[in-house]
Every structure is written in structure tokens, then in C-alpha cells.
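Below are the chains, spelled out letter by letter.
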Amino acid sequence: MPQTLDQQKMQTRNLIGGKWIDADSGDEFAVLDPATDEHIASVPRCGTAETRRAIDAAAEAFKPWSARPAVERYRMLRSLADAMMRDQDRLARLMTSEQGKPLAEAKGEVAYAASFIEWAAEEAKRVYGETVPASFADKRILVLRQPIGVTACITPWNFPLAMITRKLGPALAAGNTMVVKPAEDTPLSAIALGELAVEAGVPAGVVNIVTGEAKAIGEELLDNPKVRKLSFTGSTPVGKLLLQKSAKNLTKLSLELGGHAPFLVFDDADVDAAVKGAIASKYRNMGQTCVCANRFYVQDGIYDAFAGKLSEQVKTMKIGRGLDDGVQVGPLINDDAVEKVQRHVDDAVQHGAKVLTGGALAKVDGLTNRFYEPTVIDGFTPEMLINHEETFGPVAPLRRFKSEEQAIEWANDSIYGLAAYFYTRDASRLMRVAEQLEYGIVGANDGAPSTVQAPFGGVKESGFGREGGKYVMDEYTEIKYVSWQL
Ligand code: SIN
């Protein structure tokens, strides 16, 4: 067993009703390091029956948990956030081992993940109701905010901790209980979080973690009427499927789905700032983020300077195993991801685009074939795959534009609407463009807008619901109106 897990002696089983359990069948699946194919651990392959028990445990825990004063939930969640930061290095190493991202990014993600718990803990104390003036002297109108009940989340492998805590924090803070289904590629970070929740005193059944068959677990979560809310981060096709299945019990959904972010650079932009923002947005997590820039539209007058500087800097990025010092580009998550990236690059080249840097697998001694060179492509056109599909890899395709109208039209020409970015030094243009972009998140001279204080989520086929900021409590509470006849 590799050092990371052996030394940590961490839990690898599932958490249901406060107990650590194996799958009923005893089946397990392997968690592999994408950089080395090393077997890190095996975790239970659970399905319908275990999920049902997790839901039952969450249902039983709901009443006492929601009845606690908010300040008690605050204290426990605060302790959880503190424990995450205390164990930041350990959690980051674990995350890099199962996901591949550079250690510095993994540390950043642990802090990002803890910030969602901390923020939600604070918000627990501020779930305010309202009184509304009534039309009759002998009536009073009260509006209460109450927890929903049993909630669930299905989370992706690209942010193994933060995408869970973004949902778990507010769910628990508002008084709900939760069943967590982490991605098959990265279950260990979720299980480690479960251990810390137990340590922080979160009662049995309030958090449950089930690993295994996505289809069986997901179906039970939406088939079971006890689950009142499901939050999902993942692909648009799976989000649509969940939406159909949610019709059975009218389960509330939050869907944070695919993105295909445009990145606009206007002639009047600070080119160095734009290059810095482009690198932050595009190459974070090897381009495997829903919000990362996928299509770069650069105005004629600044195009050559931007393309030149971006390629120059991208060329120097250090590729290697995420655990090694100074590495900026780790492996992609699996072979399918590598195949997709290569297919997008090949298709672009076949249609006449030119590779300015990268464009091929990076060979790293002793490691797997999942490392892809950070790539910049000159001259993508509308018919190319890269113009329509999320690449989910370290490829920046550039296209020239002439006018602001043209850039906005191209930027909005997508079924997706998660994030968009643009660089300009003209204040009027800044507001004008921000207002016209049909996206839920806009980075204006900012390549890294994600933060706990702000609402995160998309429009169009990027889904609905907002996570983060004060808005997130709306996703995890119900409004009840009480009409009081005196
Ligand atoms: C995502 O890729 O879905 C999340 C990225 C972020 O929170 O910045």
C-alpha cells in the first residue's frame, strides 16, 4: 500500500447511521492513482439496499438535528472546518493521490472546501423569517424558513472535497441531513471528510457516505420519497436524466452542469493580466473544471501579443506527478479524458488550426500516459469539435474577432451558460459586456472568480440553482407561510 494511506490509517468504508460499513455483497472497487496506476485503496461497491439504509438513517436523524438550536449546528460545523484546515496537508496529499492535481492546488482546494463549511456554519445563525403586514386587523402573517428534510448530493471527481462541502455545509447548517454519493474515481477524500465530521461531533445519520454504483445509488436517491432534495454537479446529459427521474417524487434539484466558457480579450485589455487570467482559468486542474475557459476570442489588435505571451508561458509549465515539488500540470483523470483531448486537438488541426505549443501526450518517466502538454491552438473555427464541446483538458483554442458585437454574439452562441470571462480597461464596456453575456458567472478582468461569498451556478443547459453566498440557504430551506387569526 502506498505511504499516503498506510501512514494515515484512514477509514475506507462507508458511513451509514454513524457506523462504518462494507457493501452487503462484500464487493469493493479499487481507487487508483492516475499518475502511476498504483492501487491506493479499495472501497465498498454499494448499491440500492445500502443507499436505502443511508436514507433511512438520514430520515431518523433529521428531527433531532433540525430541532437543535442553530448555534449548536454552527459550533459543530465550525469544528469540522477547523479540523479540515488542521489536516490540510494530509487531505491534500490524499486528494492528489486519487485525483492527480498538483499538491499546491489540492491544498488550495482543501481550504476552499473548508471555507464552504465555515461560511455555512455562520449562515446557520442567520436563517431569518419575516412578518408581513396583513389586510385584516385581527390577522398576522408569518413567513418561516425551515429545513427541507433528507437531502442528497452526487458529486464529481474534479473537486473531490469542495463540491461536497459546497452542498453539505449549507444542507447541515439549515438543519437538513444528507446522503453523499462521491465520484467513483475519488471516494477517499469524501470518506476522510466523513471521519472528520464524526470527530467534530456531527451526530450519527446526519452525514452518510455511500460509494459504488452510480446508477443504482442515483436511482434510489430519486425513487425514494424520503429524499426531498438532490444537488448534483456533473455533466449536462446526466443532469437531464436526473431531472426526468426527479418527476416521480417531485424531488427538488440543484444542477451544476457542463460549461463551455468563452474568454474575451479586447484590444484595450492589459495583455499581461489577460494572459495571467487565461492561465489561471484554463490550466487549473489540467483544464478539468466546469468553469474553465474553453474558447478564447481575442481582438485583432492584441491577438498576436496575447497568443505569443500565452504560448511562451504555457511552454514553461512543469508537468509531472502532482505530489512532486513545483509541478503545475498533473495527469488527466483517466484514459477516456486523454482520448477526448487528443480528438479535439486532432480535429482542430484537420480543420486548419495551428498548434502554437503542446498538442500531444507528455512522456514522463515512470508515470502513466495520462499527461497532456498544456496546449495553445491558433485559429479555431465554428465547425470544429472544440467550438461545441467541453474539452475538459489543458487546451486553449484562440480565434480572432473584430468588434464587440461579434465577440458577444460568438460568446453567447452556446447551449451552455455557466461561466464567461473578459478583459478590458474600458469601464463602460466592462458593464455593457458583463450585462450582455448569457452566463451565471462572469469574470471581468478576473480569471478566478470562484469564491465562497458569491453565488455559483449557471443558466441554459448549465443547470439551475445557486451555491455559495447567502443565496445557498434558499436551496436548502422551505418557505412556510403561517396565517395567524388573533
Ligand atoms: C467546477 O468545476 O464545477 C467547480 C469549479 C469551482 O468551484 O471553481
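Here, the structure is the one placed above.
Our subject in this report is the structure included herewith.

## Here we look at the pattern of salt bridges
Scanning the entire structure with this criterion turns up 38 salt bridges. In this structure, Lys226 engages Asp56 in a salt bridge whose closest nitrogen and oxygen atoms are separated by 2.6 Å. Taken together, the residues Lys226 in the loop between helix H8 (214-223) and strand S10 (227-233) and Asp56 in helix H2 (residues 48-67) connect sequence positions 170 residues apart. You can call Asp56 partly exposed: its relative accessible area is 31%. Between Lys107 and Asp89 there is a salt bridge, with its nearest N and O atoms 3.7 Å apart. Residue Lys107 is located in helix H5 (residues 103-124), and its partner Asp89 is located in helix H4 (residues 88-99); the two are separated by 18 residues in the primary sequence. Each member of the salt-bridge network shares a partner with another, and the members are Arg86, Asp87, Arg90 and Glu199.

## Here we look at the site of the ligand
Inspection of the region around the ligand gives Tyr112, Asn158, Phe159, Met163, Arg166, Glu256, Arg284, Thr289, Cys290, Val291, Ser450 and Phe456 as its neighbouring residues. At 2.7 Å from an oxygen atom of the ligand is found a side-chain nitrogen or oxygen belonging to Tyr112. With respect to the ligand, the side chain of Glu256 contributes an N or O atom lying 3.0 Å from an oxygen atom. Compared with its free state, where it exposes 260 Å², the ligand has 100% of that area covered by protein.

## Considering empty space enclosed by the protein
All chains considered together, the criterion is met by three cavities of 30 Å³ or more. Lining of the largest cavity is provided by 13 residues; of these, Phe159, Met163, Arg166, Val291 and Phe456 occupy positions nearest its centre.

## Some words on the packing of helix H14 (residues 404-412) against helix H15 (residues 427-436)
It is at 10 Å that the axes of H14 and H15 come closest, and there the two elements cross at 30°. Looking at the two axes, H14 sits roughly parallel to H15. Here H14 and H15 pass one another in a crossing that is right-handed. Contact residues: Glu404, Ile408 and Asn412 in H14; Arg429, Arg432, Val433 and Gln436 in H15. Looking at the contact of H14 with H15 residue by residue, the class counts come to two nonpolar, two polar and three charged.

## Section: unusual backbone geometry
A positive phi is found at Asn445, a non-glycine position, where the angle reads about 60°. Relative to the helices and strands, Asn445 resides in the loop between strand S19 (441-444) and strand S20 (459-460). Looking at Asn445, the relative accessible area reads 36%, which means it is partly exposed. Despite not being glycine, Lys460 has its phi angle at roughly 50°, a positive value. On the secondary structure map, Lys460 appears in strand S20.

## Points about the sheet that holds strand S5 (residues 130-132)
The strand order across the open sheet built from three strands is S5-S6-S22, with neighbouring strands paired in antiparallel fashion. The open sheet has two edge strands, S5 and strand S22 (477-485), and neither has a second partner. Between one strand axis and the next, the sheet turns through 25° on average, direction left out of account.

## Considering the layout of surface pockets
For the largest pocket, the calculated volume is near 1000 Å³. Residue lining of the largest pocket: 37 residues in total, with Trp157, Phe232, Gly234, Ser235 and Val238 positioned closest to the centre. Every element with two or more residues in the lining of the largest pocket is listed here: H8, S10, helix H9 (236-245) and helix H12 (335-350). No other element matches H9, which puts six residues into the lining of the largest pocket. Grouping the constituent residues of the lining of the largest pocket by class yields 17 nonpolar, ten polar and ten charged. Looking at the second largest pocket, its volume works out to about 410 Å³. What lines the second largest pocket is a set of 22 residues, and nearest its centre among them are Glu105, Ile279, Ala280, Tyr283 and Arg284.

## A look at the packing of aromatic side chains
Within this structure, the stated rule accounts for nine aromatic pairs. When the ring of Phe263 is compared with that of Phe296, the centres are 4.9 Å apart and the planes differ by 35°; the resulting orientation is tilted. Pair noted here: Phe263 is in strand S12 (residues 261-265) and Phe296 is in strand S13 (residues 293-299), with a separation of 33 residues, a long-range link. Across this residue pair, the class does not change: Phe263 and Phe296 are buried. Where Tyr297 meets Phe380, the ring centres are 5.6 Å apart and the plane angle is 45°; that geometry is what we call tilted.

## Re the environment of Leu257
Mapped onto the elements of the fold, Leu257 is located in the loop between strand S11 (252-256) and S12. Each C-alpha atom of the pair Leu257 and Val238 lies 8.6 Å from the other, and the pair is 19 residues apart in sequence. Each residue touching Leu257, except ones within four places of it in the same chain, is listed here: Phe232, Gly234, Ser235, Thr236, Gly239, Cys290, Leu418, Glu461, Ser462 and Gly463.

## Brief notes about the pairing of strand S15 (residues 375-378)
Bridging between strand S14 (residues 354-357) and S15 involves three bridges; their strand directions are antiparallel. Note on S15: the bridge partner recorded for Val355 is Ile377. Two elements, S15 and strand S16 (residues 395-401), share four bridges in a ladder whose sense is parallel. Looking across to S16, one finds that Thr375 is bridged to Val395.

## Focus: the side chain of Asn208
Its location among the elements puts Asn208 in strand S9 (residues 207-209). For Asn208, a relative accessible area of 0% puts it in the buried group.

Here is what the cut-offs are and how they apply
Residues numbered from 1 in each chain as written. Predicted model: local features only at pLDDT ≥ 70, side-chain atom pairs only at ≥ 80, totals over all residues. Heavy atoms only, no water. Salt bridge = Lys/Arg side-chain N within 4 Å of Asp/Glu carboxyl O. Helix = DSSP H or I, 4+ residues; strand = E, 2+ residues; numbered from the N terminus. Buried < 20%, exposed > 50% of the residue type's maximum accessible area, 1.4 Å probe, protein only. Near = heavy atom within 4 Å. Polar contact = N/O pair within 3.5 Å; in protein donor to acceptor, adjacent residues only side chain to side chain. Areas by Shrake-Rupley, 256 points an atom, 1.4 Å probe, with all protein chains shown as cover. 1 Å grid on protein atoms, 1.4 Å probe; cavity = no way out; pocket = protein on both sides within 12 Å on 5 of 7 lines; lining within 4 Å. Points joined across faces, edges and corners; volume = space filled by probe spheres on them. Axes fitted to C-alpha atoms, helices over the stretch in contact; angles between N-to-C directions. Parallel < 35°, antiparallel > 145°, perpendicular 65-115°, else oblique. Left-handed = near helix turned anticlockwise from the far one by under 90°. Contact = heavy atoms within 4.5 Å. Nonpolar A, V, L, I, M, F, W, Y, C, P; charged D, E, K, R; others polar. Pairing = 2+ DSSP bridges. Phe/Tyr/Trp six-rings, centres within 6.5 Å; stacked < 30°, edge-to-face > 60°.

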